[in-house]
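These are the residues of each chain, in order.
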Amino acid sequence: MSGRLLNCLQRAAPLMNCHLLVPNLFWPAAAGAEPYRDLEVPSLQTLLARGRRTRTGGGSLERWLAGAFGLPDDLPLAPFALRGDGGKPGDRCWMHADPIHLRVHGDRLILADASSFSITADEAREFVEALNSHFAAEGVLFVAPSPQRWFLRLATEPRMRAIPTAEMAGRSIEPFLPSGEDGAHWRRFFNEAQMVLHGHARNEARGALPVNSVWLWGAGRTRPLTSAYDVVWSDHPLPAGLAMASSAAMRPLPDAGASLLQETSFKTPLIVATSLPATAYGDLAGWRDAITALERTWFAPLLAGLKNAALETLTLHGLGSDYGVTAVVSRGDLWRFWRLKRPLQAYANAKAD
């Protein structure tokens with residue numbers, strides 16, 4: 001198909017109002033300008049320069065998605081993530097029980113999540129079997145649909161407060177242990193799980209960091225959801241499960257934005273690009289490589305889609321642990337040439353406009 005014919009077909013079809021969600025786009029404020037030094041991402045910089053920007057608070061992928069799909073602040077996300085991972089939550093209550101490594105640092109325990117170490121399917125199976133054996137009398141069940149993502153089935157919904165594992169990366173656990181009416185019970189449960197895993201033979205044989213605890217959060221039951229999006233493109237289980245529980249279609253994330261622009265049957269897609277590594281672990285080189293790849297595969301094609309009228313608007317949701325930026329860009333906004341591109345750190349620190 002010629003480029004001219006494709007452009008005509010795109011003009012005839014309803015134009016897309018596309019949303020692109022990018023977790024870990026910005027580093028913590030304490031890192032200053034150094035992570036962005038000499039970083040060339042011209043399409044991203046153009047979108048941020050020409051768009052109508054709003055500065056947002058810091059937040060994780062999980063917290064943003066909960067708000068976008070109308071879920072409450074206690075983030076009852078586990079049954080949706082389980083469904084996106086191929087599980088069947090049914091009408092039971094489920095909680096995240098993510099495998100983690102706890103490192104002693106002075107008088108503190110610092111959490112590392114499964115993005116910072118590897119777990120094989122056999123290891124996950126044996127760890128889960130040990131936990132299920134120990135907690136059999138409590139009427140709970142651990143499952144591991146993915147080696148890096150574990151879940152806990154509960155008899156009743158816990159009255160506790162906890163935050164997502166992704167928000168705990170690199171932090172001391174003490175201020176964030178389960179709290180609320182049932183907090184004491186779940187702190188005991190957490191400690192016992194830590195003892196079971198710490199002494200497990202598999203950890204003795206591992207060449208990687210030991211899996212010596214689980215992080216408990218996100219308890220709830222599945223429910224019908226509403227969505228502002230008619231399709232979700234993602235390879236992450238949580239947005240997949242949320243889409244399945246709503247009216248939105250679910251599609252695997254393509255390798256690049258150019259192929260998505262040829263899809264004309266949806267008007268309000270949400271693209272969830274989760275390839276940027278967590279900034280909490282300080283992998284600056286990995287993050288810079290990943291954002292350069294996003295420039296090539298997503299930012300540049302979507303900017304081109306605005307220019308050739310395949311898109312009506314693009315809304316970029318860039319997240320960071322301390323702050324984020326939402327930029328709404330229309331085709332007309334691209335003519336605001338007086339809004340010159342600036343280095344990426346300028347947008348990390350900019351106020352709304």
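Fair warning: this is a prediction, and the values are worked out from it, not measured in the lab.

Moving on, we get to the overall build of the chain. Scanning the chain from N- to C-terminus turns up 12 helices and 12 strands. Taken against the 2.2 N^0.38 rule, which gives 20 Å for 353 residues, the C-alpha radius of gyration of the chain at 22 Å falls within 12% of a compact globule. Projected onto its principal axes, the C-alpha coordinates of the chain cover approximately 65 × 45 × 35 Å. Looking at the 353 residues of the chain, the share that counts as buried comes to 52%. Expressed as a percentage of contacts within the chain between residues at least 6 apart in sequence, the contacts between residues at least 24 apart total 73%. Total accessible area on the chain is roughly 15,700 Å²; 53% of this is exposed by carbon and sulfur atoms. On the chain, the mean spot of the 36 positive side-chain charges and the mean spot of the 34 negative ones are 8 Å from each other.

Once that is clear, we can look at unusual backbone geometry. Within the chain, D38 stands out as a residue other than glycine whose phi angle is a positive 60 degrees. Locating D38 in the fold gives a position in the loop between β1 (16-26) and α2 (42-50). For D38, a relative accessible area of 68% translates into the label exposed. Although it is not a glycine, A309 adopts a positive phi angle of roughly 70 degrees. Along the chain, A309 falls in the loop between α11 (284-307) and β11 (311-320). Among the residues examined, A309 registers a relative accessible area of 7% and is labelled buried.

Time to look at the packing of α2 against α11. Close contact between α2 and α11 brings their axes to 7 Å; oriented N to C, the two are set at 50 degrees. It follows that α2 is oblique to α11 by the angle criterion. Along its contact with α2, which presents P42, S43, L44, T46 and L47, the element α11 presents I291, E295, F299, A300, L303 and L306. Of the residues contributing to the contact of α2 with α11, the split by class is eight nonpolar, two polar and one charged.

Let us now look at the pairing of strand β4 (residues 108-113). Each regular strand carries side chains that alternate between the two faces of the sheet. Alignment of strand β3 (residues 93-105) against β4, held across six bridges, turns out to be antiparallel. In the sheet register, L102 faces β4, and the bridge partner there is L111. Linking two consecutive strands that pair antiparallel, namely β3 and β4, is a turn of two residues; a positive phi of about 65 degrees is found at G106 within it.

Glancing now at the side chain of S330. Relative to the assigned elements, S330 resides in strand β12 (residues 323-330). For S330, the residues in contact, after removing those within four places along its chain, are R52, L306, E312 and T313.

The next subject is the pattern of salt bridges. If charged atoms from side chains of opposite charge come close, those side chains can pair. Applying the stated criterion to the full structure yields 15 salt bridges. A salt bridge links R221 to E157; the nearest nitrogen and oxygen atoms lie 3.1 Å apart. On the criterion of sequence distance, the pair formed by R221 in the loop between β7 (213-220) and β8 (231-233) and E157 in the loop between β6 (149-154) and α6 (165-168) is long-range, its members being 64 residues apart. One network of salt bridges, with partners in common, ties together R52, D333 and R336.

Per the counting criterion, the structure on display carries 11 aromatic pairs. Ring centres 6.1 Å apart and planes at 55 degrees place the aromatic pair F26 and Y323 in the tilted group. Of the two residues, F26 sits in strand β1 while Y323 sits in strand β12, which places them 297 residues apart along the sequence. Looking at F26, the relative accessible area reads 1%, which means it is buried. For the ring pair F135 and F189, a centre distance of 4.0 Å and an interplane angle of 20 degrees mean the geometry is stacked.

Looking at the chain as a whole, its pLDDT mean stands at 92, while 95% of the residues score no less than 70. The low-confidence segment residues 8-12, where pLDDT is below 50, has eight contacts with residues more than four positions distant or belonging to other chains.

It is worth spelling out the sheet that holds β8 at this point. Strand order in the open sheet made by the seven strands is β2-β12-β11-β1-β10-β8-β9, with mixed pairing throughout. In this open sheet, the two strands that pair with only one neighbour each are β2 (52-57) and β9 (249-251). Averaged over all pairs of adjacent strands, the angle between strand axes in this sheet comes to 15 degrees, irrespective of strand direction. Direction of pairing for β8 relative to β9: parallel, over a ladder of three bridges. Its bridge partner lying in β9, W233 is registered against R251. Taken strand by strand, helix α9 (residues 237-244) contacts β8, β9 and β10 (269-272), and its axis lies near 155 degrees from that of β9.

Thresholds, definitions, all that
Residues numbered from 1 in each chain as written. Predicted model: local features only at pLDDT ≥ 70, side-chain atom pairs only at ≥ 80, totals over all residues. Heavy atoms only, no water. Helix = DSSP H or I, 4+ residues; strand = E, 2+ residues; numbered from the N terminus. Rg over C-alpha atoms; globule rule 2.2 N^0.38 Å. Buried < 20%, exposed > 50% of the residue type's maximum accessible area, 1.4 Å probe, protein only. Contact = heavy atoms within 4.5 Å. Areas by Shrake-Rupley, 256 points an atom, 1.4 Å probe, with all protein chains shown as cover. Lys, Arg positive; Asp, Glu negative; His and termini not counted. Charge placed at Lys NZ, Arg CZ, Asp CG, Glu CD. Axes fitted to C-alpha atoms, helices over the stretch in contact; angles between N-to-C directions. Parallel < 35°, antiparallel > 145°, perpendicular 65-115°, else oblique. Nonpolar A, V, L, I, M, F, W, Y, C, P; charged D, E, K, R; others polar. Pairing = 2+ DSSP bridges. Salt bridge = Lys/Arg side-chain N within 4 Å of Asp/Glu carboxyl O. Phe/Tyr/Trp six-rings, centres within 6.5 Å; stacked < 30°, edge-to-face > 60°. pLDDT = per-residue confidence, 0-100.

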